[in-house]
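# Summary of structural features
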Amino acid sequence: MRIELVNLEHGRADFAHVYQPDELGSFDERVQIVAPVDVTGNVRLERTEVFVNGHIETRAQVECDRCLQRVEMRVDADFDLQYITGTDYESNAAAELTEDDLSVAVFDGQAIDVDEIVKEQVLLAVPTRMLCRPDCKGICPDCGIDKNTGDCACATDEVDPRWAALKNLTGGK
Ligand SMILES: [Zn+2]
Ligand SMILES: [Zn+2]
């Protein structure tokens, strides 16, 4: 969904849309949307700046960093974005805007692409490090078995638990 700025009445508009998971395509290898995405918000145009804020809700599956099993999580996020046109960005860049101003995006001055906002917000909501559980054992690098579900006979560096206990007592030396 794109919101054309020329169509805004009095410089503002509310929007609401429910995306089906496949409507957004697959946009990240780690993350898959598994429920409809409910997005609501409003757009406000002030001279050459556009303010977009709203809310998204959905469910996503994210790969565990260690075992690659998919973990389902709820995405429930507010967003508050500011856009300026390319030419304005250049003239402001010298003045005060820095690369750190992550909430400021440059756009073509014509339309706000809600699809892009939704994808971005989903990715922002996903932790950079995802574990299916804190003690996930991961995958054996030799045979590929998921060590949460079974053991393998590969040689590992794992220390006999009895020795590990002793190690702790001696302060890890
Ligand atoms: Zn895992
Ligand atoms: Zn193995």
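Just so it is clear, the model here is predicted, and its values are computed rather than measured. (Residues numbered from 1 in each chain as written. Chains lettered and ligands numbered in written order. Predicted model: local features only at pLDDT ≥ 70, side-chain atom pairs only at ≥ 80, totals over all residues. Heavy atoms only, no water.)

### Examining the coordination of the zinc ion (ligand 2)
Around the zinc ion (ligand 2), the protein contributes the donor atoms C140 (SG), C143 (SG), C152 (SG) and C154 (SG), at 2.3 Å from the metal centre. Given 4 donor atoms and angles of 106 to 112° at the metal, the environment of the zinc ion (ligand 2) is assigned as tetrahedral. If you list the donors of the zinc ion (ligand 2) from N- to C-terminus, the spacing comes out as C-x2-C-x8-C-x1-C. Highlighted residues: C140 in the loop between α2 (114-125) and α3 (161-169) and C154 in the loop between α2 and α3, separated in sequence by 14 residues. (Donors = N, O, S within 2.8 Å, 3.2 Å for Na, K, Ca; no water. Tetrahedral: all angles 85-135°; square planar, octahedral: opposite > 155°, others 65-115°. Helix = DSSP H or I, 4+ residues; strand = E, 2+ residues; numbered from the N terminus.)

### Things to note about the pattern of salt bridges
Taken as a whole, this structure holds 8 salt bridges when the rule is applied. Between E4 and R2 there is a salt bridge, with its nearest N and O atoms 3.8 Å apart. Of the residues examined, E4 reaches a relative accessible area of 30% and is grouped as partly exposed. Among the salt bridges present, the one from K119 reaches E116, with a minimum N-O distance of 3.6 Å. Here the residue K119 and the residue E116 both occupy positions in helix α2, the gap between them amounting to 3 residues, near one helical turn. (Salt bridge = Lys/Arg side-chain N within 4 Å of Asp/Glu carboxyl O. Buried < 20%, exposed > 50% of the residue type's maximum accessible area, 1.4 Å probe, protein only.)

### Side note on the nonpolar core
Counting 34 residues, the largest nonpolar core has V52, I112 and V118 as its most contacted members. Elements with a minimum of two residues in this core: β2 (12-19), β3 (31-33), β4 (37-46), β5 (49-63), β6 (70-85) and α2. Among the elements that make up this core, the one with the highest residue count is β6 (7 residues). If sequence neighbours within four positions are ignored, V52 has contacts with F15, N42, V43, F79, D80, L81, Y83, I112 and I117. (Core = buried A, V, L, I, M, F, W, Y, C linked by side-chain atoms within 4.5 Å. Contact = heavy atoms within 4.5 Å.)

### Quick look at the environment of G25
Relative to the elements of secondary structure, G25 occurs in the loop between β2 and β3. Considered as a pair, G25 and K119 are 94 residues apart in the sequence and their alpha carbons are 9.6 Å apart.

### Description of the coordination of the zinc ion (ligand 1)
Around the zinc ion (ligand 1), the protein supplies C64 (SG), C67 (SG), C132 (SG) and C136 (SG) as donor atoms, at distances of 2.2 to 2.3 Å. Geometry at the zinc ion (ligand 1) is tetrahedral, judged from its 4 donor atoms and the angles of 105 to 115° they form at the metal. In primary-sequence terms, the residues that donate to the zinc ion (ligand 1) follow C-x2-C-x64-C-x3-C. With C67 in the loop between β5 and β6 and C132 in the loop between α2 and α3, the pair connects residues that are 65 residues apart, well separated along the chain. Accessibility expressed as a relative area gives 4% for C67, which makes it buried.

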